[in-house]
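Next come the chains, spelled out residue by residue.
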Amino acid sequence: MADYISLTERERSEMLAALGAGDEGQLFSDIPHELLRRKVGLSKGRTQKETESLISAFAARNKVYKSVFAGAGCYRHYIPAAVSSIVSREEFLTAYTPYQPEISQGVLQAMFEYQTMMCELTGMDVSNASHYSGASAAAEACLMCFGKKRRVAVYDNVDPDTLETIATYVRARGGSVAVIPSEGGKALPAAYDADAVYLQSPSYFGLIEDISAIAEAAHAEGCRVVVGCNPVALALFRTPAECGADIAVGDGQPLGLPMSFGGPSFGFITAKQEFMRKLPGRIVGETTDAEGRRAYVLTLQAREQHIRREKAASNICSNQAHCALTAAVYLSLVGAAGLKAVAETSAANAHYLADKLAAAGAPRVHEGEFFHEFVTSAGGKAAEIAFALDRADILCGPVLSRDSILWCCTEMNDKADMDRVAEIVREVLA
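Residues numbered from 1 in each chain as written. Predicted model: local features only at pLDDT ≥ 70, side-chain atom pairs only at ≥ 80, totals over all residues. Heavy atoms only, no water.

Colleague: Would you take a moment to explain the sheet that holds strand β5 (residues 196-201) for this structure?
Modeller: One key point about sheets: their strands pair by backbone hydrogen bonds, in either a parallel or an antiparallel sense. The strand order across the open sheet built from 7 strands is β2-β8-β7-β6-β5-β3-β4, with neighbouring strands paired in mixed fashion. On the outer flanks of this sheet lie β2 (126-127) and β4 (176-180), each paired with one strand and no other. Here β5 pairs with strand β6 (residues 224-229) via 6 bridges, running parallel. Bridge pairing in β6 links Leu 199 to Val 227. (Pairing = 2+ DSSP bridges. Helix = DSSP H or I, 4+ residues; strand = E, 2+ residues; numbered from the N terminus.)

The following block contains the structure:
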């Protein structure tokens, strides 16, 4: 058998040229030179103790924040110790990703329970066994709605990464994306002329959208409605199904998964019954075996591993099964009352901080109800505020512009931390 060569030099050069890079080094030109380390400096013959000391010294250079007020899609929630203990058991941790029919009944049942929980959270009829990420879940949900128009409408106040991912998927299928401008940060009913409309509630700015009004307007035009959700927020608000959405998607990171520098996480897709055969990925079903005992099986596997590629509903192979299992364990441990308490505390903290920041001279930019994220003005000193907080070992949210910052609170933020943030902001704006 001939050796497999992934890329020829010509192909490598063509890709670099398409990226506008003369060589591979230019791909990292945006990273400050002092942060780049070409070699770790591990010489031969070091003992394990010496190596551990060296690596620990490298790790000590990382910035460790005492307080975190950053969100924008990745959130810091309290994770009970029992979660990692349970999902680290060898029955779960070493189980092969459930592609094959012969996978263990235990893993299949866990995925079935996960699907049930996600349906209960969103109010939808069916769920797959998880997806690669929240952004890819949103993109594939839009493709599920593709019709003759091959056009998707997306509001401009959704997560920017999700918008880019949807655009990439839709254009690759020969479709187009229409970006609908929000008004005052809010998504309002519009004329869609599309197969599907995607909105996010809470939005990227943290605002609660009127899903029902948008769904009514969209359905009047024969347009499907896909809603991006924060799963914790669903403990407080009406479900997407109750608001008229056809498909509900989101990222499951808030459900027991650490921030971990942005991943790994998992996406979820839940939908009305009519979309069941269009759901990408795996679906676990409940049945009975030859002896009448309850059993679980993989069903409706519209994946390229099982059917012809051109007929596959999704060609994503990673289903993030272990991350989804973690979410199921987390939800089982905290229960409905516990999840609601997390949501209520997060929202209460955010409203408290918003009031404190307003009193410090940084009022909210948008009007309307919000969950646990909000945008404030910064008097033209957003970067200065972020730098001052950084010196105090406090991580603020993204600086959206010279005059605006996106803040986030969860149950992990206490009153003393929030008061300290308001005090620093007051000092910078004075």
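Read on, since the account is not over.
Colleague: What's the story with the packing of aromatic side chains in this structure? I'm lost.
Modeller: Remark: the centre distance and the inter-plane angle together describe each pair of aromatic rings, the angle taken between the planes. For the structure shown, the criterion picks out 6 aromatic pairs. Centroid distance Phe 112 to Tyr 296: 5.2 Å. Interplanar angle 50 degrees. Geometry classified as tilted. Taken together, the positions of Phe 112 in helix α5 (residues 105-122) and Tyr 296 in strand β10 (residues 294-299) put the pair 184 residues apart, joining distant regions of the chain. Given a relative accessible area of 4%, Tyr 296 falls into the buried group. (Phe/Tyr/Trp six-rings, centres within 6.5 Å; stacked < 30°, edge-to-face > 60°. Buried < 20%, exposed > 50% of the residue type's maximum accessible area, 1.4 Å probe, protein only.)

Colleague: What's the story with the nonpolar core in this structure? I'm lost.
Modeller: Considering soluble globular proteins, one finds that nonpolar side chains tend to be buried as a cluster. Core analysis: the biggest nonpolar cluster contains 84 residues, and Tyr 155, Ile 166, Tyr 192, Tyr 198, Ile 247, Val 249 and Leu 255 have the highest contact counts within it. When residues in this core are grouped by element, the largest group, 13 residues, is from helix α9 (residues 321-359). Excluding residues within four positions of it along the chain, Ile 247 makes contact with Met 124, Ala 141, Met 144, Cys 145, Val 225, Val 226, Val 227, Ile 269, Thr 270, Ala 271 and Phe 275. (Core = buried A, V, L, I, M, F, W, Y, C linked by side-chain atoms within 4.5 Å. Contact = heavy atoms within 4.5 Å.)

Colleague: Honestly, the pairing of strand β14 (residues 404-408) in this entry has me stumped. Any pointers?
Modeller: Regular strands show a simple pattern: their side chains alternate between the two faces of the sheet. Of all 5 residues in β14, 5 are buried, a share of seventy percent or more. Taken together, the 5 bridges between strand β11 (residues 373-377) and β14 define a ladder with antiparallel strand orientation. Of the residues in β14, the one forming a bridge with Thr 376 is Ile 405. As defined by bridge partners, strand β13 (residues 399-401) adjoins β14 across 2 bridges and the pair is classed as antiparallel. Across the sheet, residue Ser 401 finds its bridge partner in β14, namely Ser 404. Linking two consecutive strands that pair antiparallel, namely β13 and β14, is a turn of 2 residues.

Colleague: What's the story with the environment of Leu 93 in this structure? I'm lost.
Modeller: Its place among the elements puts Leu 93 in helix α4 (residues 90-93). Taking the relative accessible area as the measure of exposure, Leu 93 reaches 48% and is therefore partly exposed. Residues Leu 93 and His 322, spaced 229 residues apart in sequence, show a C-alpha to C-alpha distance of 7.2 Å. In this view, Leu 93 contacts Val 87, Ser 88 and His 322; residues no more than four positions away in its chain are not counted.

Colleague: I tried to follow the side chain of Gln 253 on my own but got confused; where do I start?
Modeller: Relative to the helices and strands, Gln 253 is located in the loop between β7 (247-251) and β8 (267-271). A distance of 2.8 Å separates a polar atom in the side chain of Gln 253 from the backbone oxygen of Tyr 75. Each residue touching Gln 253, except ones within four places of it in the same chain, is listed here: Gly 73, Cys 74, Tyr 75, Pro 258, Met 259, Ser 265 and Phe 266. (Polar contact = N/O pair within 3.5 Å; in protein donor to acceptor, adjacent residues only side chain to side chain.)

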